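A look at the structure
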Amino acid sequence: DAGITQSPRHKVTETGTPVTLRCHQTENHRYMYWYRQDPGHGLRLIHYSYGVKDTDKGEVSDGYSVSRSKTEDFLLTLESATSSQTSVYFCAISAHLVSGANVLTFGAGSRLTVL
Amino acid sequence: TQLLEQSPQFLSIQEGENLTVYCNSSSVFSSLQWYRQEPGEGPVLLVTVVTGGEVKKLKRLTFQFGDARKDSSLHITAAQPGDTGLYLCASAGGSGAGSYQLTFGKGTKLSVIP
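This report concerns the structure included in the present document. Every value quoted in this text rests on a predicted model; they were computed, and no experiment measured them.

1. Observations concerning the pattern of salt bridges
- In the structure shown here, the tally under the stated rule is 6 salt bridges over all chains.
- Taking the shortest distance from any N to any O, the salt bridge between Asp38(A) and Arg36(A) comes out at 2.8 Å. Note on accessibility: Asp38(A) and Arg36(A) belong to one class, buried.
- For Arg60(B), the salt bridge identified is with Asp83(B), shortest N-O distance 2.9 Å. Here Arg60(B), found in the loop between strand S6 (55-58) and strand S7 (61-65), pairs with Asp83(B), found in the loop between strand S8 (71-76) and strand S9 (85-92); they are 23 residues apart in sequence, far enough to count as distant.
- Here Asp83(B) falls in the buried class, since its relative accessible area comes to 3%.
- Overlapping salt bridges bring together Arg22(A), Lys70(A) and Asp73(A) as one network.

What follows is the structure in structure tokens.
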């Protein structure tokens, strides 16, 4: 395994409550990502980070914020969870190959249910 | 954002059959990856193709990158139940920092029946 862990793996929460998902890596990779995966939509990028305190928005960033205070940790926060944020969330890290291609290694996912 | 179309969406076949799944875009790929995802797990990289016309083989899996770098295919020979899963193609968009943002197709869900 590439040394990427997500926590919690499963969470049930109520609408309006804050939720933080954590991604921890031991590979010292510069780039980290948060995706969500939903039936019919596939994997969609929420936010990504290209270094400590350097983050940017992805395709579906509304309602989410991220922070990266250390190379190894990337946090995804839902300030006020909504039912539309029920999803499986995947963290990924990337290594940029010599060929120029960017490949991702994914965590096992965090399943979030917002009631 | 580059739009990736995968087909078919679903595929159910008998063990021992051959199959091909496709990934297409209206834009040129800088590079393309294929991932496989099993239930309850994250996607795992199968292969990366970079050069137009490139063919890569991984045991019973053959990956082809179109000459124009707008399409790719994955062919599985003599499918086995262990091949069951969601097959995703992904490509980087833009340049600079954008080249680190991978866009994924919606996937082909393959079921191989023993």
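2. Comments concerning the sheet that holds strand S3 (residues 19-25) of chain A
Residues and elements named next belong to chain A.
- Taken together, the 4 strands give an open sheet; going across it, the order is S1-S3-S8-S7, and neighbouring strands pair in antiparallel fashion. Single-partner strands in this sheet number two, and they are strand S1 (4-7) and strand S7 (65-70). Taken pair by pair, the neighbouring strands of this sheet meet at an average axis angle of 20°, ignoring direction.
- The sheet contact formed by S3 and strand S8 (residues 73-78) spans 6 bridges and is antiparallel. Within the sheet, the bridge partner assigned to His24 lies in S8 and is Asp73.

Parameters and conventions
- Residues numbered from 1 in each chain as written.
- Chains lettered and ligands numbered in written order.
- Predicted model: local features only at pLDDT ≥ 70, side-chain atom pairs only at ≥ 80, totals over all residues.
- Heavy atoms only, no water.
- Salt bridge = Lys/Arg side-chain N within 4 Å of Asp/Glu carboxyl O.
- Buried < 20%, exposed > 50% of the residue type's maximum accessible area, 1.4 Å probe, protein only.
- Helix = DSSP H or I, 4+ residues; strand = E, 2+ residues; numbered from the N terminus.
- Pairing = 2+ DSSP bridges.
- Axes fitted to C-alpha atoms, helices over the stretch in contact; angles between N-to-C directions.

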